[in-house]
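# Structural overview
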Amino acid sequence: MKFDELLPVIINDNQLHTRWLNTLSLMENTGARKISACEDTETVTYIILKHAAEEHRHAFYLKKQIEKIDKTACPTYSSPYLLAPASSRHYLNQLDVDVCRYLKKELGLKGSELRFAAYLLVTYAIEVRADELYPIYQEALDNASSKVNVKSIILEEEGHLEEMIKQLQSFAPDWQLHADKAVEMESGLFKEWLRHLSKEITTKKAS
Ligand SMILES: [Fe+2]
Ligand SMILES: [Fe+2]
């Protein structure tokens, strides 16, 4: 099933929808913690602090949306409260590993330089994905007249992509080349995640 076909199925089933929101919340939280982990205690900037704060807010905001459907659903990020839990946990961590491997091999980076460059590329690829994913989700929510909404996340994610491009421009003149590589790696992992998601939902619907 394609992503835009999967969404109405998820939204129309409260149990699936709460787990979907919780899964997105987990992924936002993973992203937020990764940004915080890359922060240099001395050279951290306004833009990085703002970004980390907003990603943490997204994780909390998505968690709060669950209450609109079922107040007691998904209290934690334990696997029974997630969709495609293994793949959802794997996605961002693997992207980080792949990007670090690329940066070490292609640019010979290490230490804090490697950490910062990986933050730039991983986050760029995720922002490209977020700018595509959230508007499609919001449209599906509107079509279903759902009380859940992610408009405030969409607004902030648009700002993040611009901020990442600015940071990448001052990082390397040929930033687009490396950013495209990161997007390519992310696309493979996203497809894999979608395949697991689709399989889980199709199996649940058939039982
Ligand atoms: Fe986010
Ligand atoms: Fe973001």
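The following refers to the structure shown.

## A closer look at the overall build of the chain
Regarding its fold elements, the chain presents seven helices and zero strands. Counting from the amino terminus, the chain carries its helices and strands in the arrangement α-α-α-α-α-α-α. The C-alpha radius of gyration computed for the chain amounts to 17 Å, which stays within 12% of the reference 17 Å derived for 207 residues, consistent with globular compactness. C-alpha atoms of the chain, sized along the principal axes, occupy 50 × 30 × 30 Å.

## As for the side chain of H51
Mapped onto the secondary structure, H51 falls in helix α3 (residues 46-69). Relative accessible area serves as the criterion here: at 1%, H51 is assigned to the buried category. Among the polar contacts made by the side chain of H51, one reaches the side chain of E55 at a distance of 2.9 Å. What H51 contacts, discounting residues up to four positions off in sequence, is I35, Y119, T123, E127, H160 and M164.

## Some points on unusual backbone geometry
Phi is positive for C74, close to 50 degrees, though the residue is something other than glycine. When you line up the elements, C74 lands in the loop between α3 and α4 (85-107). For C74, a relative accessible area of 5% translates into the label buried. The phi torsion at A84 lies on the positive side, around 40 degrees, for a residue other than glycine.

## Some points on the coordination of the iron ion (ligand 2)
Coordination of the iron ion (ligand 2) by the protein is provided by E55 (OE), E127 (OE), E127 (OE), E157 (OE) and H160 (ND1), with metal-donor distances spanning 1.9 to 2.6 Å. Look at where the donors of the iron ion (ligand 2) fall in the sequence and you get E-x71-E-x29-E-x2-H.

## Re the coordination of the iron ion (ligand 1)
Coordination of the iron ion (ligand 1) by the protein comes from E28 (OE), E28 (OE), E55 (OE), H58 (ND1) and E157 (OE), over a distance range of 2.0 to 2.6 Å. Written as a sequence motif, the donor arrangement for the iron ion (ligand 1) is E-x26-E-x2-H-x98-E.

## What to know about the pattern of salt bridges
All chains considered together, the criterion is met by 11 salt bridges. E163 is the salt-bridge partner of K50, the closest N and O atoms lying 2.5 Å from each other. Remark: E163 occurs in helix α6 (residues 151-171) and K50 occurs in helix α3; sequence separation between them is 113 residues. One salt bridge in this structure joins K105 and E106, with 3.9 Å as the shortest N-O distance. With a relative accessible area of 46%, E106 lands in the partly exposed category. A single salt-bridge network, built from bridges that share partners, covers K50, E54 and E163.

Parameters and conventions
- Residues numbered from 1 in each chain as written.
- Chains lettered and ligands numbered in written order.
- Predicted model: local features only at pLDDT ≥ 70, side-chain atom pairs only at ≥ 80, totals over all residues.
- Heavy atoms only, no water.
- Helix = DSSP H or I, 4+ residues; strand = E, 2+ residues; numbered from the N terminus.
- Rg over C-alpha atoms; globule rule 2.2 N^0.38 Å.
- Buried < 20%, exposed > 50% of the residue type's maximum accessible area, 1.4 Å probe, protein only.
- Polar contact = N/O pair within 3.5 Å; in protein donor to acceptor, adjacent residues only side chain to side chain.
- Contact = heavy atoms within 4.5 Å.
- Donors = N, O, S within 2.8 Å, 3.2 Å for Na, K, Ca; no water.
- Salt bridge = Lys/Arg side-chain N within 4 Å of Asp/Glu carboxyl O.

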